[in-house]
Amino acid sequence: MVSGSADLPSDPAYQPDALKLYQARKANSEKDDPAKYCLPNGVVRVTTLPYKIVQTPKLVVLLSEGNTHSYRRFFLDGRPHNLDLGDSWTGDSIARWEGDTLVVDTIGLNDRTWLDSIGKPHSDALHVIERYRRPARDRLEVQYTLEDPKAFTKPFTFSRIFTLASNREIQEYFCTDTNIAAQSSTRQ
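Here's a quick rundown of the structure. As the structure is a computational prediction, the values presented were derived from the model and not from experiment. (Residues numbered from 1 in each chain as written. Predicted model: local features only at pLDDT ≥ 70, side-chain atom pairs only at ≥ 80, totals over all residues. Heavy atoms only, no water.)

## Digging into the overall build of the chain
Piece 1. Looking only at helices and strands, the chain has two helices and nine strands in total.
Piece 2. The linear arrangement of helices and strands in the chain, starting from the amino end, is β-α-β-β-β-β-β-β-β-β-α.
Piece 3. Across the 188 residues in the chain, those meeting the buried criterion constitute 43%.
Piece 4. Of the contacts formed within the chain by residues at least 6 apart in sequence, a portion of 54% connects residues at least 24 apart. (Helix = DSSP H or I, 4+ residues; strand = E, 2+ residues; numbered from the N terminus. Buried < 20%, exposed > 50% of the residue type's maximum accessible area, 1.4 Å probe, protein only. Contact = heavy atoms within 4.5 Å.)

Here you go:
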């Protein structure tokens, strides 16, 4: 079990249209946040609730307690990307080990998720490389590199540190109450 920080440390270098969308979301007080409608967080956005990582020789599964109890699969069996994935919230993730670092390459994402709770946008051209490393027993470091020529003028890289929550298991999380509240507020 790991938990960590949620918002990105800075802003990507945005293309003009993506910057305009980001500014509109901030001005709108995140009213249209997909998480308020119980939609998946996607690949980059995390919650402060715990995650559990399950590892097998050919597959790593990342389970999330928060949001929609979503999961991600990192295939370690040498397969290429599935280019016929269609409209996906978490994309297609293939992975490989480089020494003690798990490198995850993800493509095939839709553009409906936010990069964080503030509303940072991306397009359907988003390509994410994550580098998972465990520098200490109780710490997990993930370095993210985001490439998105439709939304960014250059790649965006940042890191997150997660801490081990060894005394806790993933709990039930219900998003339906949040969903109802969000729908009620949009009708007013």
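This is not the end of the story, as more comes after the structure.
## Some points on the nonpolar core
Piece 1. Ranked by internal contacts, the top residues of the largest apolar core, which has 29 residues, are Val-44, Phe-74, Leu-102, Leu-115, Tyr-132, Leu-146 and Phe-152.
Piece 2. Mapped by element, the contributors of at least two residues to this core are α1 (16-27), β3 (59-64), β6 (101-107), β7 (127-136), β8 (139-147) and β9 (156-164).
Piece 3. Considering every element that reaches this core, the biggest residue donor is β8, with four residues. (Core = buried A, V, L, I, M, F, W, Y, C linked by side-chain atoms within 4.5 Å.)

## Comments concerning the side chain of Glu-65
Piece 1. Take Glu-65: it is sitting in the loop between β3 and β4 (71-75).
Piece 2. Beyond its immediate chain neighbours, meaning those up to four positions away, Glu-65 contacts Leu-49, Pro-50, Arg-168, Glu-169, Ile-170, Gln-171 and Tyr-173.

## Re the pairing of β8
Piece 1. Taking every second residue as pointing to the same face, the buried face of β8 carries Leu-140, Val-142, Tyr-144 and Leu-146, while none of Arg-139, Glu-141, Gln-143, Thr-145 and Glu-147 on the other face is buried.
Piece 2. The pairing of β7 with β8 spans eight bridges and is classified as antiparallel. Across the sheet, Arg-131 pairs through a bridge with Gln-143, a residue of β8.
Piece 3. The sheet contact formed by β8 and β9 spans eight bridges and is antiparallel. Bridge assignment links Gln-143 to a residue of β9, and that residue is Ser-159. (Pairing = 2+ DSSP bridges.)

## As for unusual backbone geometry
Piece 1. Non-glycine residue Cys-38 carries a positive phi angle of around 60 degrees.
Piece 2. Tracing the chain through its elements places Cys-38 in the loop between α1 and β2 (51-55).
Piece 3. You can call Cys-38 buried: its relative accessible area is 17%.

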